[in-house]
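Commentary on secondary and tertiary structure
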Amino acid sequence: MSENFPILIVLLPLSAALLSPLFSYLHRDLGRWLVTLAIACSLGCSIGCLQQTLASGEAIHYWMGNWAPPLGIEFVIDPLNATVATVANFVALMGAIYGAPFLKKSSWLETGGYYTLYGLLATGLSGMIITGDVFNLYVFLEIASLSGYGLIAMGGQRSVLASFRYLLIGTIGASFYLLGVGYLYAITGTLNMADMAVRIVPLIDTPSFKIVVGLFIVGFGIKMALFPLHGWQPDSYTYAHPAAAALIAGIMGKVPIYACIRYFYFIFAASGAAIGMGLQIMGIMACCGIILGSVMAIAQKDFRRMLAYSSVAQIGYLIVGMALGNVYGLIGAVLHLINHAFMKGSLFLFIGGVQYRYGEVNIDKFGQLYRKMPIACWMFVIAALSMVGLPPTAGFFSKWYLVLGSMEAGPVGYFYIAIIIISSLLNAIYFFRVIEKIFINPDAGLKEVNPQKGKLELPWQMLLPILIMGIGILVLGLSNATIVSDVLQFALPEVLIK
Amino acid sequence: MTETVIVSIRPFLAVGISLLAAFLIMLSDKANPNVREAWTLLAAFGKFAIIASMMPFVWQGGVYEYTLFNIVEGIGFTLRTDACGMLFAGLSSFLWILTSFYSIGYMRGHHEKNQTGYFAAFAVCMSAAMGIAMAGNLVTLFIFFEILTVATYPLVAHKRNEEATFSGRKYLIYTLTSGQLFLAGIVFIYLFTGTTEFNAGGIAGLGEAAPVWVLQIMFFMLCLGGMIKAGMMPFHGWLVSAMVAPTPVSALLHAVAVVKAGAFVVLRIVGYVYGPQLLLEIHAADWLAYLAAFTIVTSSLIAMKQDNLKRRLAFSTVGQLSYVVLGTCILAPYSLVGAMFHIVAHAVMKITLFFCAGAIYVTTHKENISDMKGIGKQMPFTMTAFTIASLGIAGMPFIVGLISKFHIAAGALQMDEPIYVVVLIISALLSLSYLMPVSFNAFFKENEKGDFQKYGEARKDMLIPLCTTAVLAIILGIAPNFGLNLFDLAKTAAESITQGMIGGGW
Amino acid sequence: MIESLNQFLAAKGIYILTLILFFLGIYGMIMCRNYMKKLMSMNIMQVAVIFFFLCLGQKDGGTLPILQTGLTNPDLYVNPLPHALMLTAIVVSLGTTGVAIALLLRIRENYGSVEEEEILRRVDE
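Below, the structure is looked at part by part. (Residues numbered from 1 in each chain as written. Chains lettered and ligands numbered in written order. Predicted model: local features only at pLDDT ≥ 70, side-chain atom pairs only at ≥ 80, totals over all residues. Heavy atoms only, no water.)

1. Re the interface of chain B and chain A
Interfaces are often sized by the amount of accessible area the parts lose when they come together. Operational definition: In this description, contact between two residues means that some pair of their heavy atoms is separated by no more than 4.5 Å. The salt bridge definition used is simple: a Lys or Arg side-chain nitrogen within 4 Å of an Asp or Glu carboxyl oxygen. In the analysis that follows, any N or O atom pair within 3.5 Å is treated as a polar contact, provided that within protein one partner can donate a hydrogen and the other can accept it, and provided that, for residues neighboring in sequence, both atoms belong to side chains. Each helix is a run of DSSP H or I of at least 4 residues and each strand a run of E of at least 2, with the numbering of both proceeding from the N terminus. The residue classification treats Ala, Val, Leu, Ile, Met, Phe, Trp, Tyr, Cys and Pro as nonpolar and Asp, Glu, Lys and Arg as charged. All others, Gly included, are polar.
At the interface, 32 residues of chain B touch 33 residues of chain A. Applying the counting criterion to the chain B and chain A interface returns one salt bridge. Residues Arg 169 of chain B and Glu 436 of chain A are paired through a salt bridge, measuring 2.7 Å at the closest nitrogen-oxygen approach. Where chain B packs against chain A, one counts two residue pairs in polar contact (both at pLDDT 80 or more). Among the elements of the structure, strand 2 (62–72), helix 5 (138–156) and helix 6 (162–193) of chain B are those that each provide at least two residues to the side of chain B that touches chain A. Of the residues assigned to the side of chain B that touches chain A, the class counts are 23 nonpolar, five polar and four charged.

The structure is reproduced here in structure tokens:
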């Protein structure tokens, strides 16, 4: 059983997603339970894989249909992607539980359809993370994107437009990636990542390779909303279906970064002038994005839009960590990937809760919200402090590693430090502004859209994920030394360990 | 002198007890206020008991140490109780008891809103202050430092009107900015020396780790965190705005936790990270001493012009805190003793002054000094306490302020820098001239409007704490080792910092 | 002259043409004010990528990649892998187009038009 874990990570949500409409037809709740259960099992499998790979110290190879690579497609699970997959599936599970109240009044088809898309999104993201084949990655990328378009379009009237725009831009990104794969295939003659890592070595200085790097930066840059390719992102995050926003904002933007790390550090082994140049360019773009994203976030009144711009900035943190090219930087990037998935997920869960109960997303209307939704608001405070990077929340620790890496990188790094510091302060401005509104401003007299009876401020399906994610941020922060020494240390690429 | 180290979780208990209390206070929001206050008092006494139980061993030069877990790789979440830390911890845990009683009296007497949040934030502040006092390395210190920053914010913005909100923002801008620079400095220290552990006399090998100018800049960045929290000029803006907060908060801000934590951080960096020897070589502490001297004089001058009593006291705090920084940055053994003991001395005196100001405000709703003519007849105890503390601030013999100032001055002479002695004398005269008129007004002027007749003395639960601290100021002035042996602790700490110090003019 | 042109076209020309086609698609997606036309440009772009891959698999004198008895030299076959990949890519592109058309239908329902200006005007209202 346990040797089949890798494929089950993808297969379970995939089959559940496809069966979801049928089950929903039988009973409206069955489809939802099926997908939730499948994602939970997938999470279990990810954790199982993580344990296996950590225990054995080697990557798990799973040959699809028992075709040996490089001919067959394989899933490769090492500590890095097992960690990312675990986090992705965890957030997906939280989102799946969280979605129920939103679909309470909808028809069986809508419920079933929503969970089909949701399951497919989880499938696509997990697939992208664990695959060991470059073209396979493209397929999963498109699965995730297509279901993502659907989930964004389900958010309401404005969302259809946002979704369509995202579709156009996202397809450009995917096409760039596909072109890059074409070039790589042309020069190396293989699609298997491990095989490619060997064959690429003599070709690292060829012009074709430089083109590949350029294409990947644009392709992944669009998908991860790297400044200045982030145009699609604010609208999409803002108008996405509130129940799916946590997964879309928390994980969907991160997986391309994981893919970038996989390519640049594991397959191309960060060697050659082209990679160095590419990383530097990405670093500069990221710095611009950090500042611009933070400034734009300050200007927003819509909480979700503020979060979306803040994501542009936070993506920049990850890229900076990646661009630094030293151990601390990469640890910081991966740690921030995990932390930010939790923070952003938790913030979107919070605003989803407010939206569900009061139908309001305008920051100015949040006066005295903490009296009405105390738990959600306190969890929001934790997430906000973490975004600012104040200890002992998780955000501080990833920042610690990023600053450490920057400091080690020398003069270029000092520039990054300045950017990180400025951005933390800008983050503080827009998050403390919201905290101020929630705790200090006079009551805004919100009207309940979905009145809540009983003691709980939200249905338990929503409150539970909010609580778990919020406390998760603290737990991640306090246990980060363990995470780094027991997991991430083994997830580093070989180039850096030397 | 080798330190005996005992691995014990007690330091963490001391920190944790008020965090737990904060949590319980939040939970008993809707319960009877007495239950809520019971938690506060229970935690205050519990914390003091834990600290006091550790004292005897620390007096003998021992250290309690405990690492709960690793914060980041290679850096533990460590609390250790060295002499310097225990001085601050003992002081603040004791004053917290008094402040708790006083707060309860003030908040009830004044019918403040949101008391639950107030007491909870207060408890968190005390945990953070305790953590700062006992932190064993820079990262642990930084964690508590930022917790203190965040926990103080709701206290500053407590009144929830426009002015309070604005002060809150100002406070955050100042402190968060300095916090980030502090962080960058810590990272630098860690990267260049491979450790962030405090070491009396400085972290070994720091001097060779980087060029002098880098060391100087990093010293500035590290100290900036402490300086802003300590309200040194030109970074004192937030402290004065924060006067909108309720008076017990001001007392906490100004006397016990926040500003003292700032001064304490400077002390830690000078004494335990850079070390006096290195600082003498790179001349980084000189400008800090100049700035402190400048602040001492200027703030006294500004204080004279303030009519609002709390604002006047705020500027007085700005000046007095700079004594600590000055004493630290003179880098002489005597001045270090003086600086550390001034943390104690100023806390006792300033808390008395703020308690008095609050008592006057709650009883008579007067905030301005010009309105307080003749108030001494109605509130004799309060105003006597106020006078004692004022004289102490000015450096009157037999009151605690003299001892610390004397040591700072002695240190300045040790280092052949008599200019600082002049500064101290000027400042003493200036503080007399801005604090004495308050007492003079209260006792010797006639109440022209006659509107004090209806008021009596302050409530008991406010009066007793402020009398206690005033008496304490005198007792400590005569017997500085009274109670917690704080003076000896300061001496031990200064000796450990300056041990093996060569040169320096004595 | 003509020879060298022929050589160039044989070696790189087809790639240049696909590149032109690709950027033509992107140009269309950026410049067209009509969402339907944007969608069509997107398809052009995807087709260019597919062409690119197919050209990669092409070999001079290669034959169908179906095993024929006695013919074991791989150089004699056209590379089948890019074709297989492109089958997938075509499916993906079809799926994307399908989703896009569905979205367009909804946009038309909501805003009564697929012209960008018209839609933006209505969004602002």
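2. Regarding the packing of aromatic side chains
Just so we agree on the cut-off: When the centres of two rings from Phe, Tyr and Trp lie within 6.5 Å, Trp using its six-membered ring, the rings pair. Their planes under 30 degrees apart give stacked, over 60 give edge-to-face, and anything left gives tilted. We call a charge positioned above a ring when the Lys NZ or Arg CZ atom is no farther than 6 Å from the ring centre and deviates by at most 35 degrees from the ring normal.
In the structure shown here, the tally under the stated rule is 65 aromatic pairs over all chains. With a centroid separation of 5.1 Å and an interplanar angle of 45 degrees, the aromatic rings of Tyr 177 of chain A and Phe 220 of chain A are classed as tilted. Of the two residues, Tyr 177 of chain A is situated in helix 6 (residues 157–188) and Phe 220 of chain A in helix 8 (residues 207–224); the sequence distance between them amounts to 43 residues. Feature note: the residues Tyr 177, Phe 209, Phe 216, Phe 220, Tyr 263, Phe 264 and Phe 268 of chain A constitute an aromatic cluster, connected by ring pairs. Sitting over the ring of Phe 198 of chain B, Arg 268 of chain B keeps its end group 4.9 Å from the ring centre. Against the face of Tyr 272 of chain B rests Arg 268 of chain B, its NZ or CZ located 4.8 Å from the ring centre.

3. Looking at the interface of chain C and chain A
Convention followed: Computed with a 1.4 Å rolling probe, the buried area is the accessible surface lost when two parts are put together, summed over both parts.
Listed as interface residues are 35 residues of chain C and, on the opposing side, 28 residues of chain A. Buried surface at the junction of chain C and chain A, summed over both partners, amounts to about 2800 Å²; 83% is from carbon and sulfur atoms. Looking at the side of chain C facing chain A, the largest losses of area belong to Phe 52, Val 92 and Leu 103 of chain C, adding up to 17% of the total buried there. Where chain C packs against chain A, one counts zero salt bridges. Where chain C meets chain A, there are one residue pair in polar contact (both at pLDDT 80 or more). Only helix 1 (2–31), helix 2 (35–57), helix 3 (81–111) and helix 4 (116–124) of chain C provide two or more residues apiece to the side of chain C that touches chain A.

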